[in-house]
Amino acid sequence: MSMWAASCVLISQRIERDEFGVESVSEVLRKVACNVFSVSDAAYYAAATVGIHPEAVLQLRKAAYKGERLVELDGRRLSVERVDRSSADFVRLTLSEAVGDRG
């Protein structure tokens, strides 16, 4: 697959301390190309039984993914629930609503 239909922002977080020892979280944002897949009804309801509400599945190149646990897609911040690395070239991320994003 050589065509990428969308882009997303991968977000890594780091805890930094200032000279007084006060911790703050800094974020590094990286925009990458991806393909977006919908979550099947069966997969959605199976995940919902354990309290997970998947929103989308992204496919991106393995080389582009560095273990980020947050993704911004279409203006929404989502958390990575599952990482599928079974392909030699691609990784699939199952995304759900990030904690604290409601309301």
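It should be noted that the structure appears before, not after, this text.
Computed from a prediction, not measured in an experiment: that's the story for all the values here. (Residues numbered from 1 in each chain as written. Predicted model: local features only at pLDDT ≥ 70, side-chain atom pairs only at ≥ 80, totals over all residues. Heavy atoms only, no water.)

Formed by 16 residues in total, the largest nonpolar core has its most connected members in Cys8, Leu10, Leu58, Leu60, Val71, Leu93 and Leu95. Elements represented by at least two residues in this core include exactly strand S1 (6-17), strand S2 (23-37), strand S3 (54-61), strand S4 (70-73), strand S5 (76-84) and strand S6 (90-97). (Core = buried A, V, L, I, M, F, W, Y, C linked by side-chain atoms within 4.5 Å. Buried < 20%, exposed > 50% of the residue type's maximum accessible area, 1.4 Å probe, protein only. Helix = DSSP H or I, 4+ residues; strand = E, 2+ residues; numbered from the N terminus.)

Checked against the element boundaries, Asp84 lands in strand S5. The spatial distance from the C-alpha of Asp84 to the C-alpha of Thr94 is 8.2 Å, given a sequence separation of 10 residues. Those residues in contact with Asp84, other than ones at most four positions away along the chain, are Phe90, Val91 and Arg92. A polar contact of 2.7 Å, which involves the side chain of Asp84, links it to the side chain of Ser86. (Contact = heavy atoms within 4.5 Å. Polar contact = N/O pair within 3.5 Å; in protein donor to acceptor, adjacent residues only side chain to side chain.)

This part takes up the sheet that holds S4. One closed barrel accounts for six strands, arranged S1-S2-S3-S6-S5-S4; its pairing is antiparallel. Along the sheet, successive strands turn relative to each other by an average axial angle of 45°, direction set aside. Across four bridges, S4 lies against S5 in antiparallel orientation. In the sheet register, Val71 faces S5, and the bridge partner there is Leu78. (Pairing = 2+ DSSP bridges. Axes fitted to C-alpha atoms, helices over the stretch in contact; angles between N-to-C directions.)

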